[in-house]
Amino acid sequence: MTKLQQPQTERLAEYTQELYLDLVLPYEKDSVVSGNLITVEVETEYKTLKLSVLVTLDDTVESVKERFDAQLSEVYDYIESFDQWERDNYEHPSVTQGYAFDSLTCK
């Protein structure tokens, strides 16, 4: 692994700042740029999410936006699959109460 020298590090940080200034995310609530890391807070109906992207010198505004969109989509897919699992595995309280009653009375 090559260690970045100071001028390269500064150039990458400046490049990240330039990309960030041109980056427009409609779902962005708050954001922070630290070195070559852009962190964005997104307010969703579930909770506030933090998405982060490491920027390289090969990145463009479009590629960074695509990575943020992919992360957000991945989180939504995960949440929706969990919601689907909850719906599929729902048991009415009378069923779970029956289990509790059976465990008390049956041996």
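To be clear, the structure that these remarks concern was listed above.
A.B. asks: Describe in detail the overall build of the protein, supporting the description with residues and values.
C.D. replies: Assigned secondary structure in the protein consists of 3 helices and 3 strands. Going from N to C terminus, the protein has its helices and strands arranged as α-β-β-β-α-α. Here the protein holds 107 residues, and 21% of them are scored as buried. Considering only residue pairs separated by 6 or more positions, the protein has 38% of its internal contacts joining residues 24 or more positions apart. Split by element, the accessible area of the protein, about 8,200 Å² in all, is 54% carbon and sulfur.

A.B. asks: Tell me about the pairing of strand β3 (residues 48-54), and please be specific about residues and values.
C.D. replies: Burial along β3 is one-sided: Leu49, Leu51 and Val53 are buried, while Thr48, Lys50, Ser52 and Leu54, pointing the other way, are not. Note: strand β2 (residues 37-43) against β3, 7 bridges, orientation antiparallel. Looking at the pairing, Val40 lines up with Leu51 of β3. Here β2 hands over to β3 after 4 residues, the two strands then running antiparallel side by side.

A.B. asks: Go over the sheet that holds strand β1 (residues 28-34), please, and point to the residues and values.
C.D. replies: Within the open sheet, the 3 strands sit side by side as β1-β2-β3. Their pairing is antiparallel. Two strands in the sheet have a free side with no partner beyond their single neighbour: β1 and β3. The sheet shows a mean angle of 20° between the axes of neighbouring strands, direction not considered.

A.B. asks: Describe the pattern of salt bridges, naming the residues involved and giving the relevant values.
C.D. replies: Going through the model one piece at a time under the given rule, you end up with 4 salt bridges. Across the salt bridge formed by Asp59 and Arg67, the nearest N and O atoms sit 2.8 Å from each other. Looking at Arg67, the relative accessible area reads 32%, which means it is partly exposed. When the shortest N-O distance is used, the salt bridge between Asp69 and Lys65 registers 3.0 Å.

A.B. asks: For the environment of Thr60, give the residues involved together with the corresponding values.
C.D. replies: Its location among the elements puts Thr60 in the loop between β3 and α2 (61-88). The contacts of Thr60, once residues within four sequence positions are left out, are Tyr15 and Leu19.

A.B. asks: I'd like a rundown of the nonpolar core, residues and numbers included.
C.D. replies: Soluble globular proteins tend to bury their nonpolar side chains together. One finds Tyr27, Val64 and Phe68 to be the most contacted residues of the largest nonpolar core, which totals 14 residues. For this core, the elements supplying multiple residues, two or more each, are β2, β3 and α2. In this structure Val64 touches Leu19, Leu23, Ile38, Val53, Val55 and Asp59, once residues within four positions along its chain are discounted.

Thresholds applied
Residues numbered from 1 in each chain as written. Predicted model: local features only at pLDDT ≥ 70, side-chain atom pairs only at ≥ 80, totals over all residues. Heavy atoms only, no water. Helix = DSSP H or I, 4+ residues; strand = E, 2+ residues; numbered from the N terminus. Buried < 20%, exposed > 50% of the residue type's maximum accessible area, 1.4 Å probe, protein only. Contact = heavy atoms within 4.5 Å. Areas by Shrake-Rupley, 256 points an atom, 1.4 Å probe, with all protein chains shown as cover. Pairing = 2+ DSSP bridges. Axes fitted to C-alpha atoms, helices over the stretch in contact; angles between N-to-C directions. Salt bridge = Lys/Arg side-chain N within 4 Å of Asp/Glu carboxyl O. Core = buried A, V, L, I, M, F, W, Y, C linked by side-chain atoms within 4.5 Å.

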